[in-house]
Amino acid sequence: MSTVQTNKVLYNMSKTIAVLGAGTMGNGIAHVFAMHGYTVHLADLSARQLQKAMSVISHNLDRMVRKERITSDDKVRALVNIHTFEKVAPAVEHAYLVIEAITENEQLKTNIFKDLNQMAPERAILASNTSSISITRLAREVTFPERVIGMHFMNPVPVMKLVEVIRGYQTSDEVADQVLDLCADIEKIAVEVNDYPGFISNRILMPMINEAIYALFEGVSTVDAIDDIMKLGMAHPMGPLELADFIGLDVCLSILDVLYEGFGNPKYAPCPLLVNMVTAGKNGRKSGEGFYTYPPDEEPYVSIQFNRPG
Ligand code: NAD
C-alpha cells in the first residue's frame, strides 16, 4: 500500500477513488465508498450539480441515521471523506480506481476515457458505470485496455446490493479480481457478465419498460393501471413507468438506442412517445416530470392521460 504527499493531503492510494459525474448514480456511488472509509474525489462539470449531490448524500445519510443503520458520527465521517472537484484532472491524479458515471452518451464517455489515459495514474483501474455502452470500445481509448472494466451499480446505490461487473474483451483477470474484492469491501454483491449490448440487466429490463410505454402509447391502458398490473400481478416493487421515471427517461432512451444499434433488431426500437418526452425535457423524477409529476414534498401524480380503456 503506497502513499503520496501532495498539497498537504496524505493520499492512501488504495483507498482513494474518483467518481466522475455527480448525478443520480455518481452521488450514490460516492456515498457508499465514503461510508466504507474510502477517500472519494467526486467530479462534475457543474458546480450546481456537485452542491446538489452533497445535499442528496447528506439527506440520504440522515435517513440511514434515522433507521439506526449508521450513527451520526458515521454520517460525519462519510461526508468528510468526500471532496468535490469541477475538473477531472485533479480528481483522478491519485486515484487507485476511477469510476466514470457521466451522462450515458458514447461520445462523451469516449472523450473522458481519452482524458483518463493521460490524467489517471498508469496503474489505476478505469471503470465505467455505463448501463449499456461497450466496455471494449471505451477501452480502445486507453493504452492499457486490460485495466478497463464495467462496474454497473444499481439505482439507488446505497440500497441496491448488486454490481453487474462487465468484463471487456481485454479486461485482465487481475483487474476483475480486484474489482470483485472492492465490491465485497463495500458490501455489494458482484455478478460477472461479458460485454454485449445492455449486458444482462438492461437487455432484459429495457424491453419491458419500452413495451409498457408502447402499451400506454397505443391506449391499451393508463399509466397507473399499467404500473398496478405489474406491481400487483408480478410482485414488482415498482411499476415499469414509475421505474422508467426513477431511472431517467433520457437514460432509458440512450440504452434502447444502444440495444437497437448493437443488435440491429427492430424489437429494441424506442417507443415514439419516449422519444417525444425526452425531446420535450420530460426526463422523469430528476426533471420533476415524466409519466408522473413530482411536486416537492407532495405525492407524485400521473401526468399523462391517454384514453381510459372503455
Ligand atoms: P445524470 O444525468 O443524473 O448525471 C450525469 C452527470 O454527469 C451530470 O451531473 C453531468 O453534469 C455530469 N457530466 C457530464 N459530462 C461530464 C464530464 N465530461 N465530466 C464530469 N461530469 C460530467 O445521469 P445518471 O443517471 O447518474 O447516469 C450516469 C451513468 O450511470 C450513465 O452511464 C447511466 O447509464 C448509468 N446508470 C444509470 C442508472 C440510473 O438508474 N439512472 C442506473 C445504472 C447506471
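Novice: Even after reading the chapter, I still don't get the packing of helix H2 (residues 47-66) against helix H3 (residues 72-80), so can you show me in this structure?
Specialist: How two helices pack is summed up by the angle between their axes together with the distance between the axes. It is the contact of H2 with H3, at a shortest axis distance of 9 Å, that shows an interaxial angle of 160°. It follows that H2 is roughly antiparallel to H3 by the angle criterion. H3 is crossed by H2, and the crossing has right-handed handedness. Here Met-54, Ile-57, Ser-58, Leu-61, Asp-62 and Val-65 of H2 lie close against H3, whose contacting residues are Ser-72, Lys-75, Ala-78 and Leu-79.

Novice: What's the story with the environment of Gly-150 in this structure? I'm lost.
Specialist: With respect to the element layout, Gly-150 can be found in strand S8 (residues 148-153). Judged by its relative accessible area of 0%, Gly-150 is buried. With 18 residues separating them in the primary sequence, Gly-150 and Gly-168 have C-alpha atoms 7.5 Å apart. Setting aside anything within four residues of it in sequence, one finds Gly-150 in contact with Ser-128, Ile-135, Glu-164, Val-165 and Ile-166.

Novice: I'm lost on the domain arrangement of the protein in this one. Help?
Specialist: Often, the extent of an interface is quoted as the loss of accessible area upon association of its parts. Partitioning the protein into domains gives domain 1 (3-194) and domain 2 (202-302). Computed from C-alpha coordinates alone, the two centres of domain 1 and domain 2 are separated by 27 Å. With 8 residues of domain 1 in contact, the opposing surface of domain 2 contributes 8 residues. Three residues, Glu-104, Ser-132 and Asn-155, lead the burial of domain 1 against domain 2; their summed loss comes to 51% of the area buried on that side. In this structure, the connection of domain 1 to domain 2 is made through 0 salt bridges. Seen at the junction of domain 1 and domain 2, the total is 3 residue pairs in polar contact (both at pLDDT 80 or more). Looking at side-chain class alone, the side of domain 1 that touches domain 2 contains 2 nonpolar, 5 polar and 1 charged residues.

About the criteria used
Residues numbered from 1 in each chain as written. Predicted model: local features only at pLDDT ≥ 70, side-chain atom pairs only at ≥ 80, totals over all residues. Heavy atoms only, no water. Axes fitted to C-alpha atoms, helices over the stretch in contact; angles between N-to-C directions. Helix = DSSP H or I, 4+ residues; strand = E, 2+ residues; numbered from the N terminus. Parallel < 35°, antiparallel > 145°, perpendicular 65-115°, else oblique. Left-handed = near helix turned anticlockwise from the far one by under 90°. Contact = heavy atoms within 4.5 Å. Buried < 20%, exposed > 50% of the residue type's maximum accessible area, 1.4 Å probe, protein only. Domains from an automatic or database assignment. Buried area = accessible area lost by both parts, 1.4 Å probe. Salt bridge = Lys/Arg side-chain N within 4 Å of Asp/Glu carboxyl O. Polar contact = N/O pair within 3.5 Å; in protein donor to acceptor, adjacent residues only side chain to side chain. Nonpolar A, V, L, I, M, F, W, Y, C, P; charged D, E, K, R; others polar.

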